[in-house]
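Here is what each chain is made of, one letter per residue.
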Amino acid sequence: MSPVRTTALAVRGAVLATDLCLPDGPGPHPAVLVRTPYDRRAHHAELRSWARHGFAAVAQDVRGRHGSTGEWHPYRHEAQDGAATLRWLRGRPWSDGRVVACGASYAAHCALAPALGPRTAHGPGAAGPAPAGAAGPPWGPDAVIAAVPALGPAETAREPCGAERLHARAGWWAAHGDRPDSDPGALDRILAADPHALEHLPVADLPGRLGLALPSWPLLWAAGRTGGEEYADAAVPLLAVGGTHDPFAAETVELWRRWGTRTGAPARLLLGPWGHALTAQPGPDAGGGHRIDLGRAYAEFARAALAGTPGARPDGPALRGGAFALGGTPGHWLDARHWDPAPTRVPLLGGPLRMRVLRGERFTADPADPVRSDRLAVPASGAADRCLAVSAPLDAPLHLAGPVVARLHGTADTPAADWIVRLVALGPDGRAAHLATGVARTTAPPGTGRDVTVRLGPVARRLPAGARLRVEIAGHHFPAHARNPHTGEDPVHAKVLHASRRTVLPARSSLNLPVLDPDTAARTTARPAQEASR
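All values derive from a computational prediction rather than experimental measurement.

What to know about helix 11 (residues 294-307)
- Taking 1.5 Å per residue, 14 residues should reach 20 Å; helix 11 reaches 20 Å between its end C-alpha atoms and fits that length.
- Buried residues of helix 11: Leu 294, Ala 297, Tyr 298, Ala 299, Phe 301, Ala 302, Ala 304, Ala 305 and Leu 306, and no others.
- Looking at where helix 11 begins, the residue whose side-chain oxygen comes 3.2 Å from the main-chain nitrogen of Gly 295 is Asp 293.
- Of the residues flanking the end of helix 11, it is Gly 308, one or two places downstream, whose phi is positive at about 80°.

Some details on empty space enclosed by the protein
- Across all of its chains, the model carries five cavities of 30 Å³ or more by this definition.
- Listed by contribution, the elements that provide at least two residues to the lining of the largest cavity are strand 17 (398-412), strand 18 (416-426) and strand 19 (432-443).
- Of the residues belonging to the lining of the largest cavity, the class tally is seven nonpolar, six polar and one charged.
- For the second largest cavity, the calculated volume is near 60 Å³.

Quick look at the packing of helix 5 (residues 166-176) against helix 6 (residues 186-193)
- Interhelical geometry of helix 5 versus helix 6 gives an angle of 110° and a closest axis separation of 7 Å. The angle between helix 5 and helix 6 falls in the class roughly perpendicular. Across the interface between the two elements, His 167, Ala 170, Gly 171, Ala 174 and Ala 175 from helix 5 touch Ala 186, Leu 187 and Leu 191 from helix 6.
- Split by residue class, the contact of helix 5 with helix 6 holds six nonpolar, two polar and no charged.

With respect to the side chain of Arg 63
- Position of Arg 63 relative to the elements: it lies in the loop between strand 4 (56-61) and helix 2 (78-90).
- A distance of 2.7 Å separates polar atoms of two side chains, one belonging to Arg 63 and the other to Asp 81.
- Here Arg 63 is in contact with Val 11, Arg 12, Gly 13, Ala 14, Leu 16, Ser 68, Thr 69, Glu 71, Trp 72, His 77, Gln 80 and Asp 81, once residues within four sequence places are set aside.

Considerations on unusual backbone geometry
- Backbone torsion omega between Gly 27 and Pro 28 reads 0°, so that peptide bond is classified as cis.
- Within the secondary structure, Pro 28 is located in the loop between strand 2 (14-21) and strand 3 (29-36).
- For the bond running from Phe 478 to Pro 479, omega is 10°, close enough to zero to count as cis.
- Turning to its location among the elements, Pro 479 is positioned in the loop between strand 21 (468-474) and strand 22 (500-504).
- For Val 148, which is not glycine, the phi dihedral falls at a positive 35°.
- Here Val 148 lies in the loop between strand 6 (143-147) and helix 4 (153-157).
- On the basis of relative accessible area, Val 148 is assigned to the buried category, the value being 1%.
- Backbone geometry at Leu 278 places phi at a positive 60°, although glycine is not the residue there.

What about the pairing of strand 22?
- Here strand 22 shows one buried face, formed by Ser 500, Arg 502 and Val 504, and one open face, formed by Arg 501 and Thr 503.
- Here four bridges tie strand 15 (residues 362-365) to strand 22, and the two strands are oriented antiparallel to one another. Within strand 22, the position partnered with Thr 364 by the bridge is Arg 501.
- Here strand 17 runs beside strand 22; their pairing, made up of three bridges, is antiparallel. Residue pairing in the sheet places Gly 410 in a bridge with Val 504 of strand 22.

Regarding the layout of surface pockets
- Reported here for the second largest pocket is a volume of approximately 600 Å³.
- Of all the elements in the fold, those that place two or more residues in the lining of the second largest pocket are strand 3, helix 1 (44-52), strand 5 (95-104), strand 6, strand 10 (278-282) and helix 11.
- A breakdown of the residues in the lining of the second largest pocket according to their chemical character gives 15 nonpolar, nine polar and two charged.

A look at helix 10 (residues 249-258)
- Judged by how many residues are buried, helix 10 sits mostly within the fold: seven of 10 residues are covered.
- By the burial criterion, the buried members of helix 10 are Ala 249, Glu 251, Thr 252, Val 253, Leu 255, Trp 256 and Arg 258.

Comments concerning the environment of Trp 94
- For Trp 94, the position within the fold is in the loop between helix 2 and strand 5.
- Overall, Trp 94 belongs to the buried group, its relative accessible area being 11%.
- In this structure, the C-alpha to C-alpha distance between Trp 94 and Phe 478, residues 384 residues apart in sequence, is 52 Å.
- Residues in contact with Trp 94, not counting those within four places in the same chain, are Arg 5, Leu 20, Leu 22, Pro 28, His 29, Ala 56, Val 58, Trp 88 and Leu 89.

Let's talk about the pattern of salt bridges
- In this structure the tally under the stated criterion is 32 salt bridges.
- Between Arg 158 and Glu 164 there is a salt bridge; the shortest N-O distance is 2.8 Å. You'll find Arg 158 and Glu 164 in the same group, each marked buried.
- We note a salt bridge from Arg 501 to Asp 413, for which the minimum N-O separation is 2.9 Å.

Looking at the confidence of the model for the protein
- In this model, the protein carries a mean pLDDT of 92, and residues with pLDDT of at least 70 account for 94%.
- This stretch, residues 118-136, has a pLDDT under 50; its non-local contacts, to residues over four places away or in other chains, come to 30 contacts.
- Note that residues 312-317 has pLDDT below 50 and, in this model, nine contacts with residues that lie over four places away or in other chains.

Rules and cut-offs
Residues numbered from 1 in each chain as written. Predicted model: local features only at pLDDT ≥ 70, side-chain atom pairs only at ≥ 80, totals over all residues. Heavy atoms only, no water. Helix = DSSP H or I, 4+ residues; strand = E, 2+ residues; numbered from the N terminus. Expected span 1.5 Å × (residues − 1). Buried < 20%, exposed > 50% of the residue type's maximum accessible area, 1.4 Å probe, protein only. Polar contact = N/O pair within 3.5 Å; in protein donor to acceptor, adjacent residues only side chain to side chain. 1 Å grid on protein atoms, 1.4 Å probe; cavity = no way out; pocket = protein on both sides within 12 Å on 5 of 7 lines; lining within 4 Å. Points joined across faces, edges and corners; volume = space filled by probe spheres on them. Nonpolar A, V, L, I, M, F, W, Y, C, P; charged D, E, K, R; others polar. Axes fitted to C-alpha atoms, helices over the stretch in contact; angles between N-to-C directions. Parallel < 35°, antiparallel > 145°, perpendicular 65-115°, else oblique. Contact = heavy atoms within 4.5 Å. Pairing = 2+ DSSP bridges. Salt bridge = Lys/Arg side-chain N within 4 Å of Asp/Glu carboxyl O. pLDDT = per-residue confidence, 0-100.

What follows is the structure, given as structure tokens:
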């Protein structure tokens, strides 16, 4: 392969630093494009890996970051700059015109953005139909690999219900926002010196407390969600890669579930027991067989996608395929067709898991002493700050594979309230392991009883016999989420917070658990990369 070399691509308002590594052979070659705000030079090993697999590999700094000029405005220019880069790439003599867009986190958005615009001949917003028979937008990629996707400003900043993801956004903006370089440890250093910094009010003025100039911080909280309808119109193959311990796990699965549903474009899923860094960040439930070669899996998917093979299987067509890992096993992987079985209803009182409430049918959500997102220990005495329920020890292993949903009936004595449900596994030794957390935001006249649906996100885990499930229902989840002021005012701008007294009716509350039957859970596949590419 050739050495990595750097070139510059001029686009409207910027010059984009671009690195290239070519495979051996005369070409022309298919290409892979990675556009990133995290420094293209960090991808040189990845470029060489792609070149060994026969792809011309390109990594580019987005505008205003690292080696690229222009102004850095997160999420603003990626569709147009991505389309311009794809046009340039397809015009190179070493390119055969086929391109796979690939990226993780924000770079996944960069890969997706040019694939999701209207199918026009000249780029997003231009007039003119796509050529007859085109597989996708002619200015977009021919396939997309999106890992742990940070889909948009609102999608990363807020839960679907509107609850603010405070800690994660403060960390990202401190490290990468409104600056040409990166400082990944910025927030950790600030919190070491000022442990109460994230308690600052209002949240809109937090950069001042952090000692950072972040003019785009208020714009982040004003951004609106897209709704995800554009995924249904996607027209090229997708590989969505995620981890059940990643904060964007639900977004990864939802992207895979909705992709191409109106066009027939195939979508594949690889979901492992990993955090945001994927196999470099295995969860405590990961086994040896869950550490797979993602580079090889990506290359196999890219070859299959460019050859037009994903979507047809020996056992019949499947638009949505792939594989997911079952945590708590040595290395079990299951076909994605087994994801999200019919839910099993588990009442908070009795039921198949013999649930019982330990304390807190009445509790106080006090923003001065919120339930912490970074602590799994629960108080055994004192005023109740959450409703706490626990199951009996499991008689047999329990296999969960899909989203968990809680349905509560409760009241608050304030006009606004957040309802947090946290699901925890207690091992036979009593050790606690987080499974999933969800938030729902409600507004209602004080004292009004209401049914509340809380979506906790995906779980893929085997729980051994003797383990128990613990359910916590609270009003805060800080610092992962901003504290609700309970007044109806937007938590981003609120300066005064009030306590909220809650009542939960366990007899009218339950969980919907995605329980796999033992025979299905035993149908393991040792080749997740093959499932993702066929």
